[in-house]
Structures are given as structure tokens and as C-alpha cells.
Amino acid sequence: MKKLVFLFVLIGFLSCENEPKVAENKIKDDVSFLADDKLEGRQTGTQGELLAADYISNRFKAIGLQSKGTEAYLQPFSFKPKTDPHKEVEFTTNADSTITGNNVIGFINNNAKSTIVIGAHYDHLGFGGEGSLYREKDKAIHNGADDNASGVAVMLNLASRLKVKNDLAKIKDKNNYLFMAFSGEEMGLLGSNYFSKNPTIDAESINYMINMDMVGRMKPDSSLAVYGTGTSPIFKQTLKSNNDKFKLVENESGVGPSDHTSFYLIDIPVLHFFTGQHEDYHKPGDDSDKLNYDGMNLISDYIYTIISDLDDNGELAFRKTKNESEETPRFKVGLGVVPDYLYDGKGMRIDGTREDTPAFNAGIQKGDVVLKLGDSTITDMMSYMRALSVFDNGDEADITIKRGEETIETKVKF
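Residues numbered from 1 in each chain as written. Predicted model: local features only at pLDDT ≥ 70, side-chain atom pairs only at ≥ 80, totals over all residues. Heavy atoms only, no water.

Peer 1: Whenever I open this one, the packing of helix H2 (residues 27-34) against helix H3 (residues 47-63) confuses me. Can you help?
Peer 2: The description of two packed helices rests on the angle between their axes and on the distance between the axes. Taken N-terminus to C-terminus, the directions of H2 and H3 make an angle of 160°; their axes are 10 Å apart at the nearest point. On the basis of the axis angle, H2 is roughly antiparallel to H3. The chirality of how H2 crosses H3 is right-handed. Seen from H2, the contacting residues are Asp29, Asp30, Phe33 and Leu34; seen from H3, they are Leu51, Ala52, Tyr55, Ile56 and Arg59. Residue classes in the contact of H2 with H3 are distributed as six nonpolar, no polar and three charged. (Axes fitted to C-alpha atoms, helices over the stretch in contact; angles between N-to-C directions. Helix = DSSP H or I, 4+ residues; strand = E, 2+ residues; numbered from the N terminus. Parallel < 35°, antiparallel > 145°, perpendicular 65-115°, else oblique. Left-handed = near helix turned anticlockwise from the far one by under 90°. Contact = heavy atoms within 4.5 Å. Nonpolar A, V, L, I, M, F, W, Y, C, P; charged D, E, K, R; others polar.)

Put into C-alpha cells, the structure is as follows:
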């Protein structure tokens, strides 16, 4: 009888061993943990950030990634908070008046000469503070489900899929993979900046970098913004040839308000994926129950396909792009709206409004498209910002908007 029991156990063990290994999809679980109230908004230097870093480290370990931080999976960095917003942050080892954040870094070693960096920031705004758009007097946790638990969850999903793929493959991919969860992004891309100056692998070996920041709120029209498409000549064709799901909104520039910028500035091709802003951006309402998980799965599939397609292309050529942020006009006033950055029609479409703002007081609504402001015709986001730049507080301006099929002319007071 004992021999029979042993035989059944052995058969069961062997059958499990012969089952194909499949990557687990834990996107929803990862977002739920990272965007939970108990992490108190994951602000850099807080206990909530450490809890998130520990969770991501454990996920890397469970997936089977090698540690590539300076302290196991972690790469701690300390800095003095900026008093002058125009100065660069000062990284320091002096413990006085400093904040310490942690990048979390895992690695798939295919013994290749080149490495792809796949990253997403995991820090957020804590209880609000300087970056918050929440205008109520009470403090509230900013959980940052879209910004950017969503990007971290997709990054972890890609790590799991690529690890299983390379474990099963007889011929390994021609690139290694470095997965990074950055901290300090909300304070000025600090974690990625620190890594670019203190890389834990040879920076010359980095082939290209993929960044996912706010990929959790895909709209019904399946719009997906991809920035950095001009940073390597091969990117546009690769994105196009592998796309049958998305309405792509492409931007060539390698410079933008997220961590891919730190890699572009050391001459590495970059792609940044983004599903657009919304009314909960940098507010307490950015919670996990509002995310489009089907959309996140599609984005993971798309990026996975792009990585696979580029594997045979060797070292990608780097190309400098126009820095659009240097051309952005400075302005003293605003309408108080959330622009729809994925809108590619004529004008500037509004994705949300806030109470007690010039737009709200003028009766402007979500979905309206601004066609004219003052004497300026609005054709896109840049022309909208140029139009704003001529006004001061207290000025009144004519504004023309399109609402559905109706054209409305009214006035707005800044």
C-alpha cells in the first residue's frame, strides 16, 4: 500500500513537472496592493514607500529575477530637498536634512552584450503636498492607482512573461532585461536621474529603455500615447507594424515629465507609454477600482510584442530629438481644466474641469473643444499654451468652444 501511495505521489510530481510553465497575471493584485490606503500614498522617504519597495522586491524574487541593486534589489539614494525649483537636486551621503528613497532593480541575465531597461515609477504624493491638485482643506491619501501603480503592475507582468519565455527557450534572447521601479519621480525624476549617474550595470550596454507611466485609464477609443518615437529610426515602423488594437498618438521627443527622460539624456533610445490624464490626476480619487484592466493587459501584450520584434535588430541607433519643453510658452494664468493630451483633432479638448476656476465659471464642460481664445485660433496644445501666455490675472477674453455639433461663443475671466 505504501508503495502504491508513493507511486501516485511520484506520478503527480512528474505530471506537474511536465506541465508547461505559464507566466502569472497579477496586474490587478499588484495595483490593489500598491494603491491601498495602508501605503499612505507611497511618498518618497516614507514608511509607505518602504512597504511598496519591499513588496516589489518580493515580487521580483518570486518571478526569479536576480537582484541588481546596491543592497540586494534596492538602490538607496539620499538627497536634499530643493529650495530653488530651477536648480538640480543635490544627492548626498550627509544624513542631515536629507530624504532617502529606493529604486528597486531586478535582472534577467541572458549572457547578452546588451540590456533593455523596462521601468516605471512607484512613488506618489502621500497625503498631497506640492504636486497635489486637491483643493479641499482636509488631508487625504493620494493612492496613485493610475499614477503609477498601473505602470509598475504592467512592468511586473512583463518581467514574469519574459522570465518564463527565457526559461523555456532553447535559444536565449539577444538582450538581457533590467527591470526598475523608480522612486522620487514625483519630486523631479530623482530615482532615474540617480541611476543614470550611478548605474548598477554598464550604462554603455543599455540598448534602449521602455517607460510606463499612467497606463491604467485607456479610454473607449483605445487611444495610447507613445513618446520618444523619434529617438531611434526603427521605432515608428515597429510600433506601426505590431499595432492592430490602438489609436496611437505619437510624439518624437525623448524629453518629457517622466523617467525615460533621464535615459534619453545619456543618449539611450526611449519609448514612454501613457493613456492620458483624467479628472483624478494627482487627487485622492485615483483609486484602483477606476482602472481599465483589460486595457492594461492589451498594453502589456503590445510592449511584449515590440520587445520580441526588436530582439533581432542588435544595438538600436540613437537619434536626438527636438526638446519641445524648451519651446513651451510661459503663462501666468490657466482655464483650470484637464486637457485631453490624446486628442488629435483641431483645437484643445477638455477632459475635466474643476470648480471655482475660469472655465467652470464660464460654463465650460468636460468634452468641450476650445477653438479660439482671445485673438488666437487654437489648433493644438501648443497653440493653446501660446494663447494663454498673453493674459494676466484679472484679464477677460473671448473664447469659442465646440460642444458636440454646437459652436458656443462666451467670455472667460482669468
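This is not the end of the story, as more comes after the structure.
Peer 1: Looking at this structure, I do not really get the pairing of strand S15 (residues 396-403). What am I missing?
Peer 2: Regular strands place side chains that alternate from one sheet face to the opposite one. The pairing of strand S13 (residues 369-373) with S15 spans four bridges and is antiparallel. Bridged to Leu373 within S15 is Ile399. Taken together, the eight bridges between S15 and strand S16 (residues 406-413) define a ladder with antiparallel strand orientation. Following the sheet pairing, Ile399 is matched in S16 by Thr410. Counting the residues that bridge the hairpin from S15 to S16 gives two residues, and of these Gly404 lies at a positive phi of roughly 65°. (Pairing = 2+ DSSP bridges.)

Peer 1: Please clarify how the packing of aromatic side chains should be interpreted in this entry.
Peer 2: The geometry of an aromatic ring pair is captured by two quantities: the separation of the ring centres and the angle between the planes. Here the structure, examined in full by the defined rule, presents 15 aromatic pairs. Measuring from ring centre to ring centre gives 4.1 Å for Phe33 and Tyr55, while their planes differ by 10°; the resulting arrangement is stacked. Here the residue Phe33 occupies a position in helix H2, and Tyr55 occupies one in helix H3, the gap between them amounting to 22 residues. What makes Phe33 partly exposed here is its relative accessible area of 23%. Here the aromatic rings of Phe195 and Phe263 are separated by 6.0 Å at their centres, their planes lie at 35°, and the arrangement is tilted. Taken as a pair, Phe195 in helix H5 (residues 190-197) and Phe263 in helix H7 (residues 260-264) lie far apart in primary sequence, 68 residues in all. With respect to class, Phe195 is no different from Phe263; both count as buried. Here a set of aromatic residues connected by ring pairs shows up, and it is made of Phe77, Phe79, Phe91 and Tyr194. The side chain of Lys320 reaches across the aromatic face of Tyr264, ending 5.8 Å from its centre. (Phe/Tyr/Trp six-rings, centres within 6.5 Å; stacked < 30°, edge-to-face > 60°. Buried < 20%, exposed > 50% of the residue type's maximum accessible area, 1.4 Å probe, protein only. Lys NZ or Arg CZ within 6 Å of the ring centre and 35° of its normal.)

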